[in-house]
Amino acid sequence: MRIRMQTYGPSVSARDLARGAGIRRLLREGSRFRSRASDWIVNWGSSQLLHPNANYLNHPAAVADAADKLRTFEILGRTSVPHPEWTRDRTTAMRWMVEGHRVIHRTMSRGSRGRGCTAYSRDGTAWTQPAEDLGSGGFYVKVFGDVRE
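Chains are numbered independently. Their residues run from 1 in the order of the written sequence. At least 70 in pLDDT is required for a residue's local features to be given in this predicted model, at least 80 for side-chain atom pairs to be given and counted, and no such filter applies to totals for whole chains, interfaces and linings, which use all residues. The side-chain values count all of the structure's non-hydrogen atoms but skip hydrogen atoms and water molecules.

Enquirer: Looking at this structure, how should I read the nonpolar core?
Expert: Soluble, globular proteins show a tendency: their nonpolar side chains are buried together. Buried residues of nine kinds, namely Ala, Val, Leu, Ile, Met, Phe, Trp, Tyr and Cys, make up a nonpolar core once their side-chain atoms join them within 4.5 Å. When a residue's accessible area, from a 1.4 Å probe over protein chains only, is under 20% of the maximum for its type it is buried; when over 50% it is exposed; and in between it is partly exposed. Grouped together as the largest cluster of nonpolar side chains are 8 residues: Ala93, Trp96, Met97, Val103, Tyr120, Ala131, Leu134 and Tyr140. At 3 residues, the largest contribution of residues to this core is made by helix α4 (residues 90-98). Helix and strand labels come from DSSP, where a helix needs a run of H or I of at least four residues and a strand needs a run of E of at least two; each type is numbered from the N terminus.

Enquirer: Hey, could you run me through the packing of helix α2 (residues 60-67) against helix α3 (residues 69-77) in this one?
Expert: When two helices pack together, their arrangement is captured by the angle between the axes and the distance separating the axes. To obtain an axis, a line is fitted to C-alpha atoms, over the contacting stretch when the element is a helix, and the angle between two such axes runs from 0 to 180 degrees between their N-to-C directions. Close contact between α2 and α3 brings their axes to 5 Å; oriented N to C, the two are set at 100°. In terms of orientation, α2 and α3 fall into the roughly perpendicular class. In this structure, α2 contributes Ala64, Asp65, Ala66 and Ala67 to the contact, and α3 contributes Lys69, Arg71, Thr72 and Ile75. Tallied by class, residues from the contact of α2 with α3 come to 4 nonpolar, 1 polar and 3 charged. Roughly parallel means an angle under 35 degrees; roughly antiparallel, over 145; roughly perpendicular, 65 to 115; everything else is oblique. A contact between two residues is defined here by any heavy atoms of the two lying within 4.5 Å. For this scheme, ten residues count as nonpolar: Ala, Val, Leu, Ile, Met, Phe, Trp, Tyr, Cys and Pro. Four count as charged, namely Asp, Glu, Lys and Arg, and the remainder, Gly too, count as polar.

Enquirer: Just to check I follow, could you spell out the sheet that holds strand β3 (residues 40-44) for this structure?
Expert: The strands making up a sheet are joined through hydrogen bonds of the backbone, oriented either antiparallel or parallel. Only strands joined by at least two bridges in the DSSP assignment are considered to pair. Overall, parallel pairing links the 4 strands, which are arranged β2-β1-β3-β4 in an open sheet. Looking at strand neighbours, the two that pair on one side only are β2 (24-25) and β4 (55-57), the edges of this open sheet. Pairing geometry for strand β1 (residues 3-7) and β2, over 2 bridges, is parallel. Bridge pairing in β2 places Met5 opposite Arg25.

Enquirer: Explanation requested: the sheet that holds strand β9 (residues 139-143) in the structure shown.
Expert: As summarised here, the arrangement of the 5 strands in space is β5-β9-β6-β7-β8, forming an open sheet in which the pairing is mixed. Of all strands in the sheet, those bounded by a partner on one side alone are β5 (86-87) and β8 (129-130). Both β5 and β9 contribute to a ladder of 2 bridges, which runs antiparallel. Within β9, the position partnered with Thr87 by the bridge is Tyr140. Across the sheet, α3 touches β5, β6 (102-106) and β9, and the angle it forms with β9 is around 65°. Sitting on the sheet, α4 is in contact with β5, β6, β7 (117-121) and β9, with an inclination near 20° to β9.

Enquirer: Any chance you could explain the pairing of β6 here in plain terms?
Expert: Within a regular strand, side chains alternate between the sheet's two faces. Sheet topology note: the β6/β9 ladder contains 5 bridges and is antiparallel. Bridge pairing in β9 links Arg106 to Phe139. For β6 and β7, the ladder comprises 4 bridges, and the chain directions are antiparallel. Bridging from a neighbouring strand, Arg106 pairs with Cys117 of β7.

Enquirer: What exactly am I supposed to notice about the environment of Lys142 here?
Expert: Structurally, Lys142 is set in strand β9. Classification of Lys142 as buried rests on a relative accessible area of 8%. In sequence terms Lys142 and Arg113 are 29 residues apart; their C-alpha atoms lie 18 Å from each other. Setting aside residues no more than four positions away along its own chain, Lys142 makes contact with Pro84, Glu85, Trp96, His101 and Arg102. Any N or O atom pair separated by 3.5 Å or less is treated as a polar contact, with the protein-specific requirement of one donor-capable and one acceptor-capable atom, and with residues adjacent in sequence counted only for side-chain atom pairs. Among the polar contacts made by the side chain of Lys142, one reaches the side chain of Glu85 at a distance of 2.9 Å.

Written as structure tokens, this is what we have:
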């Protein structure tokens, strides 16, 4: 049995984990590694199945599901895992704001670091835009609790 690490790209945390665990990282391109059924791949955030013969810890299909926020919400909706309310319906999002909730409008399902997100509230206070500016398309998530900038 061989254990290797597959990464999504350059990563200091992946390097540190591989060193700490004493395992080798795989090259994404030009690798001479040929996987076997007894091999284990520690997947550090890659959604590409590069070694179909090997066993994966953190399977690339699961990474792809987690990276797509809309797909994640759909999967969570079919399970008993608690998650925020969300909708694709702009009217529902507007109703949430009338009820006093803040709403995040997300236009990119795979964005990170807030890209593709805009926050809205009924009156556009604090870190939010006013409800009348609410865009369409994408999906909306009801915000709970005290969210700060």
